[in-house]
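These are the residues of each chain, in order.
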Amino acid sequence: MDRFCCYISENQERPAESVMKIEQIKEQFPTVFRNTLGLCTKANIKLKLREGVAPIFRPKRPVAHAMESAVDDELNRLEKLGVITPTNFSEWAAPIVVVRKANGQIRICGDYSTGLNSSLCAHEYPLPLPDDIFAKLSGCHIFSKIDLSDAFLQVQIDEDYRHILTINTHRGLYYYNRLPPGIKVAPAAFQQLIDTMLAGTKRVCGYMDDLIIRGATEAEHERHLKDVLKRIEEYGFTIRNEKCEFKTNEIRYLGHVIDSQGLRPDPNKIAAIRNLPEPTNLTEIRSFLGAINYYGKFVPNMRQLRFRLDELLKHGERFQWDHKCKEAFDQFKKILSSNLLLTHYNPNEKIVVSADASSVGLGATLSHRYADGSMKVVQHASRALTEAEKRYSQIDREGLAIVYAVTKFHRMLYGRHFLLQTDHRPLLQIFGSKKGIPIYTANRLQRFALTLQLYDFEIEYVRTEQFGNADILYRLIKNRSQPEDDYVIASIEMERDVKAMAIEAMSNFPISFREIERHTSADAMLRKVRHYIQDGWPTSVSYGNELACLNSRKDALTLIDGCILFGERMVIPQRLRERCLKQLHQGHPGMQRMKSVARSYIY
């Protein structure tokens, strides 16, 4: 969550003397800057169950044979750190979700969406409002940002409540001693702790794990910075040094730019609209008209913009972009970025996030829905897909769009309840199910679902023709616009992890990853499946037995370098299946054991 919190200007360089002072300050607080997980010694977190709720015990999920040793290692590591403790009995239990990385590391999270979150009372503590933060930041010239590392895991849960945070693993039950990600009360409880820690300090704002220190002069700023670091040291927290910024002259926060001149709107809020290129074909014209219809509900005069563009869609009319079309398009962009449809972020209003994807880009909007039913956009966002993301399946791209939206708007969403809109219905079962993340969910979607567990949202299906607000952003995205560096890195890392997992799964078989890719390309049925995964499955086609079987599992299928995966298992082409079966039969493990091993690696 840290990379989307608070963007600091990078267009200034600190003098050598200033850098030296910062290093001297770090030397004064060595325990704060140590590269280990801290432990808050001043407070712990209490949880409260809703009156009358019965304990919910969910069974463990199967762990693939190929991953058991890695999961064991991670459980041992967490136990050694004191994050979890084994227990023999619990009335409460949540299953775990396991994601493996290319470097062999495992990430384990309790899936508390399976019952505990709905059983907990809300932690009634207000998060800071934007106006309060802006008021505190005004009149200053120098800013620093401190980021607490793995902040929630540095805070203990009161012993009386640890049992309800039990997770169910293949090795038995463990309960959390620390505040785990994915608990709905965590943001407000942590904010209360931060406010308590900072009470009495001057010129500092604490929002979750971000602390912003400001000063009118360098001497004043340095004094307040030391005060904050002393509090952090007293409480036992550690900070993520590489994510901190010291002595900058400008910050971007909650859609505004704050510097010595005061507060002004961040131009990035409307960058996606300002950079919209003109349509170049009838498909993009239809998207443009869909957006006019959507926003025309709130600005009736906007419908007048569509007359000339409707003419382009008449039967036999060829695409011909003229000055009248351009005038309508420019007027549309002007309205979208004006006060008629754009508003400032106010968490007291209902928050709506819409996200959509195409084969080339992602689009998202964050809006407020008012009591009279009207809506205004707070911020637009869009970006191109990386080369790896362009090869994602349709459902993976739609899931990626949702994760892009919530992380892009993270600071305005985290700890707040919001409505999440998508036009891809299968994602409701993956991201919105109260039974937890489906067992055989594709690996990428499992990672996306883990990210979304940090947020408090309802998910809603919206028909494509009614989804003009997000549609306009992704269909008209500039082909040459590129994703930010952090998204490119995240995309590369995810592809490397998924591919490494597939290669490792096949290391026990006498066939290589490239051989599977080659035979998948030569298999007529699997070629169809690859096409359907990427571009969508037809609804009016009569499938054969095997194709129908794969169609019934389509939401768990994904692509990696031309190979098809079902969850974490490689789909084996017809010509290679006999060789795989012979390998599985070696050693005569017995029928049930052989089936168990086979289901860990291949489909």
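Since this is a predicted model, take the numbers as computed values, not measurements.

Draft legend 1. Structural detail: the overall build of the chain. Within the chain one finds 22 helices and 23 strands. Long-range contacts, defined as pairs at least 24 residues apart, comprise 75% of the intrachain contacts of the chain with a sequence gap of at least 6. As presented, the chain carries roughly 27700 Å² of accessible surface, and 48% of it is formed by carbon and sulfur atoms.

Draft legend 2. Geometry of the sheet that holds strand E20 (residues 456-461). Pairing in this open sheet of 5 strands is mixed, and the strands run E18-E17-E16-E19-E20 from one edge to the other. What marks the edges here is a single partner per strand, and that holds for strand E18 (375-384) and E20. Within the sheet, the average angular offset between the axes of one strand and its neighbour, ignoring direction, is 20 degrees. Of the pairings in the sheet, the one linking strand E16 (residues 350-357) to strand E17 (residues 361-369) comprises 8 bridges and is antiparallel in character.

Draft legend 3. Looking closely at the nonpolar core. In terms of nonpolar packing, the biggest core is built from 113 residues, with Ile146, Ile232, Phe237 and Phe431 touching the most fellow members. Considering each element in turn, this core owes the most residues, 8 residues, to helix H12 (residues 394-408). If we ignore the near neighbours within four places in the chain, the residues touching phenylalanine 431 are Gly399, Ile402, Leu445, Phe448, Ala449, Leu452, Phe457 and Ile459.

Draft legend 4. Looking closely at the pairing of strand E15 (residues 262-265). Pairing between strand E14 (residues 256-259) and E15: 4 bridges, direction antiparallel. Bridged to aspartate 259 within E15 is glycine 262. Linkage of E14 to E15, two consecutive antiparallel strands, is achieved through a turn of 2 residues.

Draft legend 5. Broad picture of helix H6 (residues 218-235). Along its 18 residues, H6 runs 26 Å from first to last C-alpha, staying within 8% of the 26 Å computed at 1.5 Å per residue. For H6, the set of buried residues is Glu220, His221, Glu222, His224, Leu225, Val228, Leu229, Ile232 and Tyr235. One or two positions beyond H6, positive phi appears at glycine 236, with a value near 90 degrees.

Draft legend 6. Representation of the packing of helix H5 (residues 186-198) against H6. Closest axis-to-axis distance for the H5/H6 pair is 9 Å, and the angle between their directions is 120 degrees. Regarding the angle of H5 to H6, the classification is oblique. You can see that H5 and H6 cross each other, and the crossing is right-handed. Where H5 approaches H6, its residues Leu193, Thr196, Met197 and Leu198 are matched on the opposing element by Val228, Arg231, Ile232 and Tyr235. In terms of residue class, the contact of H5 with H6 is made up of 6 nonpolar, 1 polar and 1 charged.

Draft legend 7. Structural context of the pattern of salt bridges. This model, assessed by the stated rule, comprises 18 salt bridges. Note that glutamate 515 is salt-bridged to arginine 579, the shortest N-O span being 2.8 Å. With glutamate 515 in helix H18 (residues 513-522) and arginine 579 in helix H21 (residues 577-585), this pair connects stretches of sequence that are 64 residues apart. A relative accessible area of 34% means that arginine 579 is categorised as partly exposed. Linked by salt bridges that have partners in common, Glu218, Glu222, Lys226 and Lys247 make up one network.

Draft legend 8. Structural context of the packing of aromatic side chains. Considering all chains together, one arrives at 12 aromatic pairs under this definition. With centroids separated by 6.4 Å and ring planes inclined at 75 degrees, the aromatic side chains of phenylalanine 418 and tyrosine 455 adopt a geometry described as edge-to-face. Here phenylalanine 418, found in strand E19 (residues 417-422), pairs with tyrosine 455, found in the loop between helix H15 (443-452) and E20; they are 37 residues apart in sequence, far enough to count as distant. The burial state of phenylalanine 418 is the same as that of tyrosine 455; both residues are buried. One aromatic cluster is present, built from ring pairs that chain together Phe152, Phe190, Phe237, Tyr414, Phe418, Tyr455 and Phe457. A cation sits over an aromatic face here: arginine 425 above tyrosine 461, 4.0 Å from the ring centre.

Draft legend 9. Quick peek at the packing of helix H8 (residues 282-296) against helix H10 (residues 323-336). It is the contact of H8 with H10, at a shortest axis distance of 12 Å, that shows an interaxial angle of 45 degrees. The angle between the axes of H8 and H10 places the two elements in the oblique class. In terms of crossing hand, the pair formed by H8 and H10 is left-handed. Counted together, Phe288, Ala291, Ile292 and Tyr295 of H8 and Ala328, Phe329, Phe332 and Leu336 of H10 form the full contact between these two elements. Each residue belonging to the contact of H8 with H10 can be placed in one class, and the counts come to 8 nonpolar, no polar and no charged.

Draft legend 10. Up close: the pairing of strand E22 (residues 563-566). Burial along E22 is two-sided: Cys563 and Leu565 and Ile564 and Phe566, pointing in opposite directions, are all buried. Here strand E21 (residues 557-560) pairs with E22 via 4 bridges, running antiparallel. Bridged to leucine 559 within E22 is isoleucine 564. Turn length for the E21-E22 hairpin, with the two strands adjacent in sequence and antiparallel, is 2 residues, and the turn residue aspartate 561 shows positive phi of about 50 degrees. Relative to strand E23 (residues 569-570), E22 runs antiparallel, the two sharing 2 bridges.

Draft legend 11. Examining the environment of tyrosine 474 more closely. Its location among the elements puts tyrosine 474 in helix H16 (residues 468-475). Using a relative accessible area of 4% as the deciding quantity, one classes tyrosine 474 as buried. Remark: the alpha-carbon pair of tyrosine 474 and alanine 272, spanning 202 residues in sequence, is separated by 9.7 Å. Discounting residues that sit within four places of it in the chain, tyrosine 474 has contacts with Asp356, Ala357, Ser358, Gly361, Leu362 and Gly363.

Draft legend 12. Summary view of the environment of lysine 26. Position of lysine 26 relative to the elements: it lies in helix H1 (residues 16-28). A C-alpha to C-alpha distance of 9.7 Å links lysine 26 and asparagine 241, two positions 215 residues apart in sequence. Apart from the residues within four sequence positions on either side, lysine 26 is in contact with Phe33, Asn241 and Phe246.

About the thresholds
Residues numbered from 1 in each chain as written. Predicted model: local features only at pLDDT ≥ 70, side-chain atom pairs only at ≥ 80, totals over all residues. Heavy atoms only, no water. Helix = DSSP H or I, 4+ residues; strand = E, 2+ residues; numbered from the N terminus. Contact = heavy atoms within 4.5 Å. Areas by Shrake-Rupley, 256 points an atom, 1.4 Å probe, with all protein chains shown as cover. Pairing = 2+ DSSP bridges. Axes fitted to C-alpha atoms, helices over the stretch in contact; angles between N-to-C directions. Core = buried A, V, L, I, M, F, W, Y, C linked by side-chain atoms within 4.5 Å. Buried < 20%, exposed > 50% of the residue type's maximum accessible area, 1.4 Å probe, protein only. Expected span 1.5 Å × (residues − 1). Parallel < 35°, antiparallel > 145°, perpendicular 65-115°, else oblique. Left-handed = near helix turned anticlockwise from the far one by under 90°. Nonpolar A, V, L, I, M, F, W, Y, C, P; charged D, E, K, R; others polar. Salt bridge = Lys/Arg side-chain N within 4 Å of Asp/Glu carboxyl O. Phe/Tyr/Trp six-rings, centres within 6.5 Å; stacked < 30°, edge-to-face > 60°. Lys NZ or Arg CZ within 6 Å of the ring centre and 35° of its normal.

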